[in-house]
Amino acid sequence: MLQSKLPQVGTTIFTTMSQMATDYKAINLSQGFPGFDCFPYLQDLVTKYMNTAHNQYAPMAGVPALKQRLAEKTSNVYDVEYDAETEVTVVSGATEALFASITAVVRQGDEVILLEPAYDCYEPAVRLNGGVPVYVSLNVPDFSVDWNKVSDAISSKTRLIMVNTPHNPGGYVWTQEDLDTLADLIRDKDIYIISDDVYEHIVFEGKKHIPLFSHPELKARTFACGSLGKTFHVTGWKIGYCLAPKALSKEFRKIHQFLTFSTVTPMQYALADYMEDPSRYLYLNKFYQEKRDLFCEGLSHTGFSFTPTEGSFFQCVSYGHLSQESDFDLAVRMTKEIGVASIPTSVFYHDQKDHKILRFCFAKEDKVLEQALELLQKGIF
Ligand code: PMP
Ligand code: GLN
């Protein structure tokens with residue numbers, strides 16, 4: 001009998017809830033993906049490259065033109081330089097970037113600080129590498145960081161801290177003060193950082209995503225993981241990237257070349273051309289803010305309590321003042337009884353801590369959001 005390396009792991013909540021939404025013909029605001037297509041021009045570019053024999057293995061670290069575009073984007077948007085040749089690697093989704101960077105850093109017995117609620121792919125990757133997760137709860141309900149708790153969690157065995165800003169599911173966006181405090185805490189320690197920045201272009205009310213690599217001390221220790229699937233409404237293409245200083249990228253690539261070797265070719269050429277015009281990703285803040293505002297306006301006519309999210313395309317709502325039902329049971333019941341699927345946030349905690357908070361994805365057509373709101377406004381309790 002094969003002894004499981006991940007005995008506690010089952011099917012992810014995203015798969016489970018999306019399947020349930022299909023089974024019960026519910027509106028799927030659970031798994032995070034856009035309910036609309038990418039722009040036709042991007043598809044035309046992929047077709048062009050497929051039709052012109054760009055269908056064999058891409059270079060291991062990515063198509064040079066795309067690496068160059070990613071370096072340019074980082075320079076233009078954040079004023080931070082990465083060398084396209086040696087410090088930018090294109091991989092098969094942020095999921096691969098996260099797995100490869102965790103694998104590059106974590107050795108047997110190393111402690112890894114996970115800020116909970118934490119995205120679901122971090123912990124299994126840490127465990128598969130023999131690491132020991134150390135959990136630190138974010139403040140509820142705003143999901144800001146309790147730096148005293150982080151400080152207490154750091155030990156001589158701490159090797160890595162996982163950061164996610166803007167945060168999934170909470171939407172919290174790290175401040176300059178957060179970056180400075182982290183830098184103070186790990187100065188003179190042999191600790192690395194993986195920063196999951198997949199929602200970097202989805203930040204609201206004029207706030208800015210402040211990448212960890214914008215802090216020079218942090219940059220030297222950071223693997224920044226991004227997702228072009230998120231940014232260009234093509235989550236199914238599974239294209240992501242990792243920005244890291246040369247020595248870190250060198251180790252990262254050693255893992256990447258044996259994990260997937262290279263990433264889908266025609267899409268990389270297409271995205272390189274498409275990213276030529278920065279307005280094609282810089283419009284996202286406004287685009288998603290309109291959806292967030294529409295969704296929050298509708299939510300204000302339900303019994304849920306919430307603060308509009310600062311970033312990402314997720315909105316969390318609390319219902320503890322209305323019911324003590326578990327968040328999982330409520331998410332299931334809402335899918336079956338009122339036809340709207342969501343994610344119970346307890347799944348983002350190792351001990352399923354239930355703060356009575358549900359997460360909705362508002363990356364959907366306005367008419368779909370309006371239909372969902374109408375159903376939610378009928379009430380569930
Ligand atoms: N990190 C976070 C916080 C996410 O929400 C997701 C889901 N898109 C990922 C990583 C994975 O990104 P990708 O689809 O590019 O693998
Ligand atoms: N990142 C998406 C979410 O948080 C899910 C992606 C997946 O299903 N792996 O909902």
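Everything here concerns the structure above.
Nothing here was measured: the structure is a model prediction, and the numbers come from that model.

Engineer: So what's going on with empty space enclosed by the protein? Which residues, and what values?
Structural biologist: Enumeration over the complete set of coordinates arrives at 4 cavities of 30 Å³ or more. Considered as a void within the structure, the largest cavity measures approximately 60 Å³ in volume. Together, Lys73, Thr74, Tyr78, Asp197, Glu200, Phe213, Ala224, Cys225, Gly226, Tyr241 and Leu243 line the largest cavity. Mapped onto the lining of the largest cavity, the elements with two or more residues apiece are α3 (64-78), β7 (222-227) and β8 (240-243). Grouping the constituent residues of the lining of the largest cavity by class yields 6 nonpolar, 2 polar and 3 charged.

Engineer: Explain the side chain of serine 312 residue by residue, including any values.
Structural biologist: Along the polypeptide, serine 312 turns up in the loop between α14 (284-299) and β9 (314-318). Residue serine 312 is classed as buried on the basis of its relative accessible area of 0%. From its side chain, serine 312 meets the backbone nitrogen of phenylalanine 314 in a polar contact 3.1 Å long.

Engineer: Outline the site of ligand 2, supporting the account with residue identities and numerical values.
Structural biologist: Taken together, the residues surrounding ligand 2 are Phe14, Gln31, Gly32, Tyr119, Asn168, Tyr199, Lys230, Phe314 and Arg359. Taking glutamine 31, its side chain carries an N or O atom lying 2.7 Å from an oxygen atom of ligand 2. Contacts to ligand 2 include asparagine 168, whose side-chain N or O atom sits 2.9 Å from an oxygen atom. Coverage of ligand 2 by the protein chains reaches 79% of its 300 Å² of free accessible surface. When atom positions are compared with the pocket grids, ligand 2 is found to occupy the second largest pocket. In terms of residue class, the shell around ligand 2 is made up of 4 nonpolar, 3 polar and 2 charged.

The rules behind each value
Residues numbered from 1 in each chain as written. Chains lettered and ligands numbered in written order. Predicted model: local features only at pLDDT ≥ 70, side-chain atom pairs only at ≥ 80, totals over all residues. Heavy atoms only, no water. 1 Å grid on protein atoms, 1.4 Å probe; cavity = no way out; pocket = protein on both sides within 12 Å on 5 of 7 lines; lining within 4 Å. Points joined across faces, edges and corners; volume = space filled by probe spheres on them. Helix = DSSP H or I, 4+ residues; strand = E, 2+ residues; numbered from the N terminus. Nonpolar A, V, L, I, M, F, W, Y, C, P; charged D, E, K, R; others polar. Buried < 20%, exposed > 50% of the residue type's maximum accessible area, 1.4 Å probe, protein only. Polar contact = N/O pair within 3.5 Å; in protein donor to acceptor, adjacent residues only side chain to side chain. Near = heavy atom within 4 Å. Areas by Shrake-Rupley, 256 points an atom, 1.4 Å probe, with all protein chains shown as cover. Sits in = over half its atoms within 2 Å of the grid points.

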